[in-house]
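So the chains spell out like this:
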Amino acid sequence: MEYYKPGIHQTSHPSSGSVSANYTEASDDSGKADEKIKLKISRREVKEKIKWIDLILTYDNGELEREQARLIDEGEQIRKI
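In this text the structure is predicted, and so the values were computed from the model without any measurement. (Residues numbered from 1 in each chain as written. Predicted model: local features only at pLDDT ≥ 70, side-chain atom pairs only at ≥ 80, totals over all residues. Heavy atoms only, no water.)

J.: Before we move on, can you summarise the pattern of salt bridges with the specific residues and values?
T.: Applying the stated criterion to the full structure yields 4 salt bridges. Between Lys 38 and Asp 34 there is a salt bridge; the shortest N-O distance is 3.2 Å. Pair noted here: Lys 38 and Asp 34 are both in helix H3 (residues 32-55), with a separation of 4 residues, about one helical turn. According to the relative accessible area criterion, Lys 38 is buried, its value standing at 16%. Judged by relative accessible area, Asp 34 falls into the partly exposed class, the value being 26%. Note that Glu 76 is salt-bridged to Arg 79, the shortest N-O span being 2.7 Å. Of the two residues, Glu 76 and Arg 79 are both situated in helix H4 (residues 62-79); the distance of 3 residues between them amounts to about one turn of the helix. The class for Arg 79 is partly exposed, based on a relative accessible area of 31%. (Salt bridge = Lys/Arg side-chain N within 4 Å of Asp/Glu carboxyl O. Helix = DSSP H or I, 4+ residues; strand = E, 2+ residues; numbered from the N terminus. Buried < 20%, exposed > 50% of the residue type's maximum accessible area, 1.4 Å probe, protein only.)

Read these as layout, nothing more, since geometry by itself doesn't imply function.
So, in structure tokens, the structure goes:
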């Protein structure tokens, strides 16, 4: 019997929707101040996601380490937008 082992992307994915939701809401016509606040929230959430991904143990598994590095890089790119 094999046990289900979710990958890093599967464990971090459910919480990533709030980043894109805030970013999308920031582009709505609700004023510059509101846009600024929602972009700040989005960036803060991305920083938090990066930190959580960094804390995931990979147990020297090369595939997991590559996936972790890819997700961290992706988060950094999103944060810089």
